[in-house]
Amino acid sequence: MADPDVPNPDAACTARLALEPLRAEHAARLFPLLADPRLYVYVDDEARATVALLAARFAELARGAPAGSNETWLNWVIWRRADGAAIGTLQATLEPGGRAWIGYLLTPSAWGQGYATEGCKWLLAELAQRHGVLEILASVDARNARSIALLERLGFRRVATCAAELRGEATIDHRYLLSVAA
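Keep in mind that what you see is a predicted model, and the values were worked out from it rather than measured.

Description of the overall build of the protein chain
Of the regular secondary structure elements, the protein chain holds 4 helices and 8 strands. At 16 Å, the protein chain has a C-alpha radius of gyration in line with the 16 Å of a compact globule built from 182 residues. Dimensions along the principal axes, computed over C-alpha positions, put the protein chain at roughly 45 × 40 × 40 Å. For the protein chain, the residues scored as buried account for 42% of the 182 residues in total. Taking the contacts inside the protein chain whose residues are at least 6 apart along the sequence as the reference set, 58% of them involve residues at least 24 apart. As displayed, the protein chain has an accessible area near 9400 Å², and 52% of this comes from carbon and sulfur atoms. Between the mean site of the 19 positive side-chain charges and the mean site of the 21 negative ones, the protein chain shows a separation of 5 Å.

Structure follows, in structure tokens:
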């Protein structure tokens, strides 16, 4: 994709979404979306203060997992096909043995419209079919009702509840697992 403001016509597509590997060049387009503090209420991350800092983070993610970590990092931008708007990101961390952890972040203007479900369904299929993943895991703050409902809608089952910390505050996380048919 030569122009970071136009979704790649070769990106993976669902009915309403285009999914393109994340690059540093996407930072300018995503910066205003990812600056919304509502995105970070239940997530152990924070908005980057400048486009340059977001671009540096995206570059780090695009380079992949650190050498020797035995992980593979996969990250995508989610574009709405109808108007080319960027609406969020998807990510997966692949571990040895056919396991992966997933994450997603959608701008609040895209909440409640089924985009997270559609994007995550694509991600689950991508992980199983292209990467041979057999178990997909997610960790979610126990107060995050939207993400809990999404994971359960996708067929994940809660397998653990554990103490966690979010910006110095004691919290509870739920761990979810989806076993993929071989």
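Digging into the environment of L177
Structurally, the position occupied by L177 is in strand 8 (residues 169-179). Look past the residues within four positions of L177 in its chain and what remains in contact with it is E135, I136, L137, G155, F156, R157 and V159.

Side note on the packing of aromatic side chains
The full count for this structure, using the stated rule, is 1 aromatic pair. The interplanar angle of 85° and the centroid separation of 5.1 Å between the aromatic rings of W76 and W122 together place this pair among those described as edge-to-face. Separated by 46 residues along the polypeptide, W76 in strand 3 (residues 72-80) and W122 in helix 3 (residues 115-131) bring together distant segments of the chain. With relative accessibility at 7%, the residue W76 sits in the buried group.

Brief notes about the pattern of salt bridges
If you walk through the whole model with that rule in mind, you get 12 salt bridges. D45 is the partner of R48 in a salt bridge, and the nearest nitrogen-oxygen pair spans 2.9 Å. Taking the relative accessible area as the measure of exposure, R48 reaches 22% and is therefore partly exposed. The closest approach of N and O atoms between R99 and E95, which form a salt bridge, is 3.7 Å. Each of the salt bridges in this network shares a partner with another, and the network as a whole consists of E20, R23 and E25.

A look at the sheet that holds strand 1 (residues 12-13)
Read from one edge to the other, the open sheet built from 8 strands follows the order 1-2-3-4-5-6-8-7, with strand pairing classed as mixed. Lying at the two open borders of the sheet, with one neighbouring strand each, are strand 1 and strand 7 (157-166). The sheet contact formed by strand 3 and strand 4 (residues 86-95) spans 8 bridges and is antiparallel. Bridging from a neighbouring strand, N75 pairs with Q91 of strand 4. Packing against the sheet, helix 4 (residues 145-153) makes contact with strand 5 (99-106), strand 6 (135-141) and strand 8, and its axis sits at approximately 160° to strand 6.

Calculation criteria
Residues numbered from 1 in each chain as written. Predicted model: local features only at pLDDT ≥ 70, side-chain atom pairs only at ≥ 80, totals over all residues. Heavy atoms only, no water. Helix = DSSP H or I, 4+ residues; strand = E, 2+ residues; numbered from the N terminus. Rg over C-alpha atoms; globule rule 2.2 N^0.38 Å. Buried < 20%, exposed > 50% of the residue type's maximum accessible area, 1.4 Å probe, protein only. Contact = heavy atoms within 4.5 Å. Areas by Shrake-Rupley, 256 points an atom, 1.4 Å probe, with all protein chains shown as cover. Lys, Arg positive; Asp, Glu negative; His and termini not counted. Charge placed at Lys NZ, Arg CZ, Asp CG, Glu CD. Phe/Tyr/Trp six-rings, centres within 6.5 Å; stacked < 30°, edge-to-face > 60°. Salt bridge = Lys/Arg side-chain N within 4 Å of Asp/Glu carboxyl O. Pairing = 2+ DSSP bridges. Axes fitted to C-alpha atoms, helices over the stretch in contact; angles between N-to-C directions.

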